Amino acid sequence: MNIGGFKDREVYVNLTTGNIEYRPINEGLARKYIGGRGLGVKYVFDNGPQVKAFSEDNILCLMTGPVTGSRVAMSGRLCFVTKSPLTETVTDSHMGGWTAARLKWAGIDNVIFRGKSDRPVYLYIENGQANLRDATDLWGLGTRETIQRLKERYGENDLSVACIGIAGENKVLYAGFINEHDRSAGRGGTGAVAGDKKLKAIVIRASQKGNMPTAANEADYKPAVQAGLKAIMESPVTAPRKGGLSVYGTNVLTSIMNEVGGMPAKNSQYSHFEGAEGHSGETVNATLLVSDNGCHACPVTCKKEVEVKEGKYKTRVESFEYETGWALGSNCGLSDARAIAYMLNQCNEYGFDTIEIGNALSVTMEAYQRGLIDEAVQWGDADKMIELIDQAARREGVLGNAIADGAGRAALLYGAPDMAMVVKNQAIPAYDPRGAQGIGLGYATSNRGACHLRGYIIASEILGIPEPTDRLKAEGKGTLLKIFQDLHAFSDSMNICKFSAFAENADLYADQYAAMTGIKITADDVLRIGERVYNLERYYNNLSGFNRRQDDMLPKRFLEEPASGNSEGQVCHLDVMLDEYYGARGWKDGVVPEEKLRELEII
């Protein structure tokens, strides 16, 4: 393979037969789809859009990119790609820490699982080799005990473990993977797919020494890395110990979004919450913060480890994110950061996506508010939330099972599907589309269901990056969102942290990619490759049955019920933005036409 950065070694694991094969990477596909998300989506696409998520035929891909494990800043991301049991779309979910770097240092780029084991297993990787080992003694354990037992078995040094908890084992539809640093690949149900396959964990033993990926163009590599790092060090968002993301983590956004009336509260019945200060970044830093942690090759250290030292919520956990604080906090009418930290620890132990379970809980609370269920689930009742999280992980009881299937299915069971703040059955994150118009379009057109990370247009609407736009104006957002989506599709495929985009641009990405791989590209190429990835995902979804404008629709609450707070009276003007967006994409009511597929060399 004539592309720098890769080890040119993929592991194909058939869990049904136990057979393991090693294959080189297809160079043509790597040039077109880069790696990470893009190449993983291509593998899932080629496996067939009609495949069921819980079937032997579904594949689960663990993907790195060409810069993974290198000195490129923020290059420690691992991408999980599969067909989602929650949305029935293609999905990808990303994990930080050192798991991805160690996979690359172990001499392996990607791992692709197929089939189903008849007993619990885990995959052990070291020195370019992989083998399946019995996990019967680990099945039924939480993520922390699983990781601890594997550390005792193999030693703590140079070891990384990505595993599922009992939520994944019980096929909770939004279960994810957790690693030894509490980093989560949370969204879309990748952990549920692993649980269906009886795959408990991936264990990787590798050290950095002598194993970092080799750049094809060493003369350009160091300057490209330094330029990217310089941008990160100087950004008002990412600058170490100065930028808001570094000082407060993602939780810097709680006060900002609440102040503008852009943070959903009580299942989006409101767009601000009077008690939000109780779980804000400022409050958490002042009362609970014990450590600032980071990931491979990252100076930002946005992961905030917190500790509740006494009382019934006593816990220590990493990381108290904005999304988690909102989902389990304001979204559920709760302001107590201590209780939220305890529930975050629960979710990490069970292997939950905190965004989805927070929304499933808030739907349940609204159902009780409306008199649709008899069991009392009051707004802000932390102890009841803790009880229901336990029940959902084990799929116990009517409410436990309802919550385990996600917000959309829970609302349907309760008899009021309009209560579900979901798109394609995935629940919304912590931004209210009535207070920031563009993010509503982002939710609607995300290929993996409601998501802020497909195209983080909040950067412009709220933070003014790279340029400020009026958050309440719909015009222009369709074209702008496309740019964000294409840029992020590229960075997810190169497999660097999304937060790099607060400081870096397409030119810097192009320079880093070119220096590492030896393939010269421009900023325009970055966006075109990202566009190819985004359209391939959309084409997969079209073939899976998502082929109507209605599939790109928001919950009626955002379109018809006015916002509160400093966005009072606003609704989301989706139709205006959707028309503009489809025009920019060249799509016909959400469907990719053949001419666009040919233009992008997808077919």
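Look up: the structure comes first, before these words.
For every chain, the first residue of the written sequence is number 1, and numbering continues from 1 along that sequence. In view of the model being predicted, local features appear only for residues whose pLDDT reaches at least 70, and side-chain atom pairs are presented and counted only at 80 or more, with totals across whole chains, interfaces and linings using the full set of residues. Remark: hydrogens and water are excluded; side-chain values derive from all non-hydrogen atoms of the structure.

Things to note about the overall build of the chain
Spelled out, the test is: A run of H or I in DSSP becomes a helix once it reaches four residues, and a run of E becomes a strand once it reaches two; helices and strands are each numbered from the N terminus. Each residue's exposure class comes from its accessible area (1.4 Å probe, protein chains only) as a fraction of the maximum for that residue type: buried when under 20%, exposed when over 50%, partly exposed otherwise. Contact criterion: two residues are considered in contact whenever any of their non-hydrogen atoms come within 4.5 Å of each other. We count Lys and Arg on the positive side and Asp and Glu on the negative side, and we leave His and both chain ends out. Each charge is placed at NZ for Lys, CZ for Arg, CG for Asp and CD for Glu.
Within the chain, the regular secondary structure consists of 24 helices and 17 strands. In terms of overall dimensions, the chain has a C-alpha envelope of 60 × 55 × 50 Å along the principal axes. Taking all 603 residues of the chain together, 66% fall into the buried category. Restricting to contacts in the chain with at least 6 residues of sequence separation, those with at least 24 account for 70%. Averaged over its 67 positive side-chain charges, the chain has a centre that lies 4 Å from the centre of its 77 negative ones.

Notes on the packing of aromatic side chains
Selection rule: Two rings from Phe, Tyr or Trp (for Trp, the six-membered ring) form a pair when their centres are within 6.5 Å of each other. A pair whose planes differ by under 30 degrees is stacked, one over 60 is edge-to-face, and the rest are tilted. By definition, being over a ring means that NZ of Lys or CZ of Arg is both within 6 Å of the ring centre and within 35 degrees of the ring normal.
The final tally for this structure, using the stated rule, is 17 aromatic pairs. One aromatic cluster in this structure is built from Y322, Y431, Y456, F499 and F502. The lysine or arginine in question, R9, covers the ring of Y22, its NZ or CZ lying 4.0 Å from the ring centre. If you follow K171 out to its NZ or CZ, it ends over the ring of F54, 5.2 Å from the centre.

A look at the sheet that holds strand β12 (residues 199–205)
Rules: DSSP calls a pair of strands paired once it identifies at least 2 bridges connecting them. For every element, the axis is a line fit to its C-alpha atoms; helices are fit only across the contacting stretch, and the angle between N-to-C directions ranges from 0 to 180 degrees.
Spatially, β8-β7-β12-β9-β10-β11 is the arrangement adopted by the six strands of the open sheet, whose pairing is mixed. On the outer flanks of this sheet lie β8 (129–134) and β11 (184–185), each paired with one strand and no other. Sheet analysis places strand β9 (residues 159–163) next to strand β10 (residues 177–179), joined by two bridges and oriented antiparallel. Its bridge partner lying in β10, A162 is registered against N179. Along the sheet face, helix α4 (residues 143–154) touches β7 (121–126), β8, β9, β10 and β12 and points at about 150° away from the line of β9.

What to know about the environment of R395
Defined as follows: Polar contacts, as counted here, are pairs of nitrogen or oxygen atoms within 3.5 Å of one another; within protein the pair requires one atom able to donate a hydrogen and one able to accept it, and residues that are adjacent in sequence qualify only if both atoms are side-chain atoms.
Along the chain, R395 falls in the loop between α14 (382–394) and α15 (397–404). R395 sits 49 residues away from A444 along the chain, and the two C-alpha atoms are 30 Å apart. Not counting the four nearest positions on each side in its chain, R395 is found in contact with N170, K171, V172, L173, N401, A404 and D405. Separated by 3.0 Å, the side chain of R395 and the backbone oxygen of N170 make a polar contact.

Some words on the packing of helix α19 (residues 477–494) against helix α21 (residues 523–543)
As a reminder, the rule being used: Oblique is the label for any angle not covered by the other classes, which are roughly parallel (under 35 degrees), roughly antiparallel (over 145) and roughly perpendicular (65 to 115). Note that Gly is not counted as nonpolar here; it falls among the polar residues with everything else outside the nonpolar set of Ala, Val, Leu, Ile, Met, Phe, Trp, Tyr, Cys and Pro and the charged set of Asp, Glu, Lys and Arg.
Look at α19 against α21: their axes get within 7 Å of each other, and the N-to-C directions meet at 90°. Considering their axes alone, α19 and α21 lie roughly perpendicular with respect to each other. Touching K482, I483, Q485, D486, L487, A489, F490 and S493 of α19 are V526, L527, I529, G530, E531, V533 and Y534, all from α21. Taken together, the residues of the contact of α19 with α21 sort by class into nine nonpolar, three polar and three charged.

What to know about the nonpolar core
Going by this rule: Among buried residues, the Ala, Val, Leu, Ile, Met, Phe, Trp, Tyr and Cys ones that are joined through side-chain atoms within 4.5 Å form a nonpolar core.
Y43, M257, Y431 and F490 are the most contacted members of the largest nonpolar core, which has 104 residues in total. No other element matches α21, which puts eight residues into this core. Leaving out residues up to four positions away in the same chain, Y43 has contacts with E10, Y12, I25, L29, I59, C61, M63 and I112.

A look at the packing of helix α2 (residues 36–47) against α21
This is how the line gets drawn: Here a crossing is called left-handed whenever its near helix is offset anticlockwise from the far helix by less than a right angle, and right-handed whenever the offset is clockwise.
For the pair α2 and α21, interaxial distance at closest approach is 10 Å and the crossing angle is 25°. Here α21 runs roughly parallel to α2, going by the angle between their axes. Handedness of the crossing formed by α2 with α21: left-handed. On the side of α2, the interface is formed by R37, G38, V41, K42, V44 and F45, while α21 contributes V533, Y534, L536, E537, Y539, Y540 and L543. Here the contact of α2 with α21 is composed, by residue class, of nine nonpolar, one polar and three charged.

Structural notes on the sheet that holds strand β15 (residues 315–318)
Here three strands make up an open sheet; going across it, the order is β13-β14-β15 and the pairing antiparallel. At either margin of the open sheet sits one strand with a lone partner, and together these are β13 (289–293) and β15. Within the sheet, the average angular offset between the axes of one strand and its neighbour, ignoring direction, is 15°. One ladder, built from four bridges, connects strand β14 (residues 303–308) with β15; its direction is antiparallel. Each bridged residue has a counterpart across the sheet, and for V308 the counterpart in β15 is T315.

Brief notes about the environment of I389
Inspection of the secondary structure puts I389 in helix α14. For the pair I389 and N110, spaced 279 residues apart in the sequence, the C-alpha separation amounts to 33 Å. The contact partners of I389, leaving out residues within four places of it in the chain, are M343, Q346, C347, Y350, F352, I357 and L361.

Let's talk about the pairing of strand β6 (residues 110–114)
Within β6, four of the five residues are buried, which leaves it mostly tucked inside the rest of the structure. Where strand β1 (residues 10–14) lies against β6, five bridges are found, and the strand directions are parallel. Bridging from a neighbouring strand, E10 pairs with N110 of β6. Relative to β6, strand β3 (residues 60–63) runs antiparallel, the two being bridged by four bridges. Note that in β6 the partner of L60 across the bridge is F113.

Here's the deal with the side chain of S84
Within the secondary structure, S84 sits in the loop between β4 (78–83) and β5 (90–95). At 3.0 Å, the side chain of S84 forms a polar contact with the backbone nitrogen of L86. Dropping the residues within four chain positions of it, S84 is found in contact with A53, T89, T91 and G188.

A look at α21
In an α-helix, one turn spans 3.6 residues, which is why side chains three or four residues apart end up on the same side. We apply this condition: Multiplying 1.5 Å by the helix residue count minus one yields the expected span of that helix.
Its 21 residues give α21 an end-to-end C-alpha distance of 31 Å, which sits within 8% of 30 Å, the value for a rise of 1.5 Å per residue. The buried count for α21 comes to 16 of 21 residues, which makes it a mostly enclosed element. Positioned one or two residues after α21, G545 has a phi angle of 115°, which is positive.

What about helix α16 (residues 407–414)?
Here is the rule: For this quantity, the arc is that covered by the directions from the helix axis to the C-beta atoms.
Buried within α16 we find A407, G408, A410, A411 and Y414. Along the axis of α16, the buried residues cluster in a sector spanning 165°; they form a single face. Residues of α16 that are exposed and point over 90 degrees away from its buried face: L412 and L413. At its buried positions, α16 is contacted by α13 (354–369), α15, β16 (422–423) and β17 (426–427). Note on α16: the residue one or two positions beyond its end, G415, has a positive phi of about 90°.

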